[in-house]
Structure formats: C-alpha cells, structure tokens
Amino acid sequence: MTQSSFKVVIFGAGSIGCYLGGRLLSSGVNVVMVGRKTMQERLRTSPLTVTDYEGFRFHSQLAEHQYVTSAEAAGNADLVLVTVKSAATSESGKQLAPWVSEGIPVVSLQNGISNAEHLQAAMPNANVLAGMVPFNVLQQEPGHFHQGTQGHLMADRHPSLKPALPWFEHAGLPLELRRDIESVMWSKLLLNLNNPVNALSGVPLLEELSQKDYRRCLAMAQRETLELLKSAGIPTVKLTGLPTKLIPSVMSLPDWLFTRLAKRMLTIDPVARSSMWEDLQAGRPTEIDWINGEVVKLAEKLGTDAPVNRKLVRLMHQREETEKTWGASELLNELTDHSRL
C-alpha cells in the first residue's frame, strides 16, 4: 500500500495510541507515534500487531522513524492525537507547543473531562479540540494491542478535522464530529466509572459485569453522577444501545436478564480489562482522579458531595499501594455505607 502524504502524529503512544496508530497505518496513513523509550525498544524487537473483537488484524514491523521519543516529530503534522495519561497532559502540551504549526488540530483523546482545557492552556496558539475514545484496548503481549469493546471515535466539530475523516473511515475507525462534546465526554465518563470497580475486582470486564453486586456498585456511582449532572444542567447522550439515564437501572437487574439485555447494548471481549487495571499491573498511578475524581470536583463546585465516587477514589489510591482485591458483596457493602441514594 502506498503511504499517504497526510501525516498523523500520536503523542503518548501507549495502548490506545499504538492501537490507533496501527489502525491508521493499515489504511496507508503516514503515522508517527511518540512515546516512552521502553515502548520504542519493545517495538524494535516485536512487530506492532493490532486486533479487535470482530477479527480485524494488522501486523507490521515499524521503521525507526515511526516510533520516536521526541515531540519534534509533530513539526510537520497534519493532525496530532494526544493519548497520554491525564496526569501528563500539561507537560505534554508544553513539549508539543514549540512544534505544532498554527491551525493544525490537536485532539485530546484522553479519559476525563478537562484535558483539552489543560492542553490549550499549555499550547495557547494551538487549535486544541476535545475527543473521546469509547472502546477498551489491552496490551496482550509485547507489541500486541487488542480492542476488546465496541464504539467509535468522537471529537468536537471543527472544519480543520474534515480532511482527516476519510482516513479514519478507511482505517475502520470512523470519527464522528459532535457539537455537544461536553455531553459526550460526561456520558463516556459515566461508563468509565466502572474502571475502578473492575480494577478493584481483579477480574476481566465480562466476568465482573456478570456479577450483580459489582454492577450495583457501578450503578450507585452512576446514579450519584447523574443527579449531579442534572443539578449542573449538563445533558447526557446515548453512547450504547440504551439511553444513558437508564443504564444504572439495567445494571441493577438480575443476572439472567442483564445478560440478555447486555448482548444488545454492548459487545465485550472475554479478555477485555479496564485501563485502570492495566495501570495497576504496570505499577503506574491510575487515572482515578480524572474519572471518579471529576465527579467529586463537580459535586464540590455545586456545594455538595459525591460520597460513593469519593470512596472509590480513596479505595483506588489504597489499591495503588497494596495488592488487595475486592469481592462483589464486600465492595458493595463498603460503598453502601457511604451512599446517600
């Protein structure tokens, strides 16, 4: 396949970034991934392989220039995708700022709500846009990145992104441009509230969600968040086969009925895990402060509290220091003691 002149730089290429890079490379896009030295060395000795739950597979030995460690690679990019962990957002913006040309779109494809704002503050002359990755990616072995859940990319509607749309479509990664990106991100965060539940459980997503008490933990965090969003006047949007406001009720259904409905609303690969679990396995700090912590911040802004989400933040910080996992009923009892709902 002839390589396109359209250049995409993916800054912070870990699991999500390498997966997106592999998909775009498969359609002929000129992709340069920027990340840690450790990942660069890994991809020198192991080919980049990307797969998904529907059977897609792409395999390529990267050239030296396709995975680098310096932000200088963004100097002649047509599009920059930022996929760093949330704690590294401001520093990443400072590194990119001298290299990204004026008018070039920089899309934050990160967890949380406020990363695009932090990037913009660090890159005042850049065209920073918020975006959302709905699916889970797990590194199954060195160099192999697997998409384990469904969904398509979304980003803030802006004319600068239109030239990129055909390339994402060709790569099997359709990019939907939205005018309601704040609602999109909060709706995605409602789903991401399961990340700490999954990480604390220590089991794959499908196994965790098959147990009602784990789902009830998630439902409690979601209901608390929905009440806060209602008070803040922030609407939600439908990202799965079910209206977002109904998801907590579905999570509380008996196992047999939930399993039947879940098959219609969301596809989950048996090996899929949350990114928060993957961070724990790698010994990295998690993004809990940018997921459930965002709910706590919203509550504080409204002059109230979010006790369930606050407790999940506390439990995850404890888990970062220990090896403890939580059984479904044990975690439910812990959160029930802190719930107002």
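In this report, we go over the structure that sits alongside the text. (Residues numbered from 1 in each chain as written. Predicted model: local features only at pLDDT ≥ 70, side-chain atom pairs only at ≥ 80, totals over all residues. Heavy atoms only, no water.)

A separate point is the pattern of salt bridges. Applying the stated criterion to the full structure yields 15 salt bridges. Residue Glu334 is joined to Lys311 by a salt bridge in which the shortest nitrogen-to-oxygen separation is 2.9 Å. Linking Glu334 in helix α15 (residues 328–336) with Lys311 in helix α14 (residues 307–319), this pair joins segments that are 23 residues apart in sequence. On the basis of relative accessibility, which here comes to 22%, the residue Glu334 falls in the partly exposed class. (Salt bridge = Lys/Arg side-chain N within 4 Å of Asp/Glu carboxyl O. Helix = DSSP H or I, 4+ residues; strand = E, 2+ residues; numbered from the N terminus. Buried < 20%, exposed > 50% of the residue type's maximum accessible area, 1.4 Å probe, protein only.)

Turning our eyes to something else, we now look at the nonpolar core. Formed by 77 residues in total, the largest nonpolar core has its most connected members in Val80, Leu96 and Leu331. By residue number, the principal contributor to this core is helix α9 (residues 212–232), which donates nine residues. Discounting residues that sit within four places of it in the chain, Leu331 has contacts with Val197, Leu200, Tyr214, Cys217, Leu315 and Trp326. Counting 37 residues, the second-largest nonpolar core is a separate cluster that includes Leu24, Met33, Phe168 and Leu173. (Core = buried A, V, L, I, M, F, W, Y, C linked by side-chain atoms within 4.5 Å. Contact = heavy atoms within 4.5 Å.)

Bringing the sheet that holds strand β9 (residues 137–141) into the picture now. One open sheet accounts for four strands, arranged β4-β3-β10-β9; its pairing is mixed. In this open sheet, the two strands that pair with only one neighbour each are β4 (57–60) and β9. Strand-to-strand twist in this sheet, taken as the mean axis angle between neighbours without regard to direction, amounts to 20 degrees. (Pairing = 2+ DSSP bridges. Axes fitted to C-alpha atoms, helices over the stretch in contact; angles between N-to-C directions.)

Remember, this is a structural readout, not a statement about activity or role.
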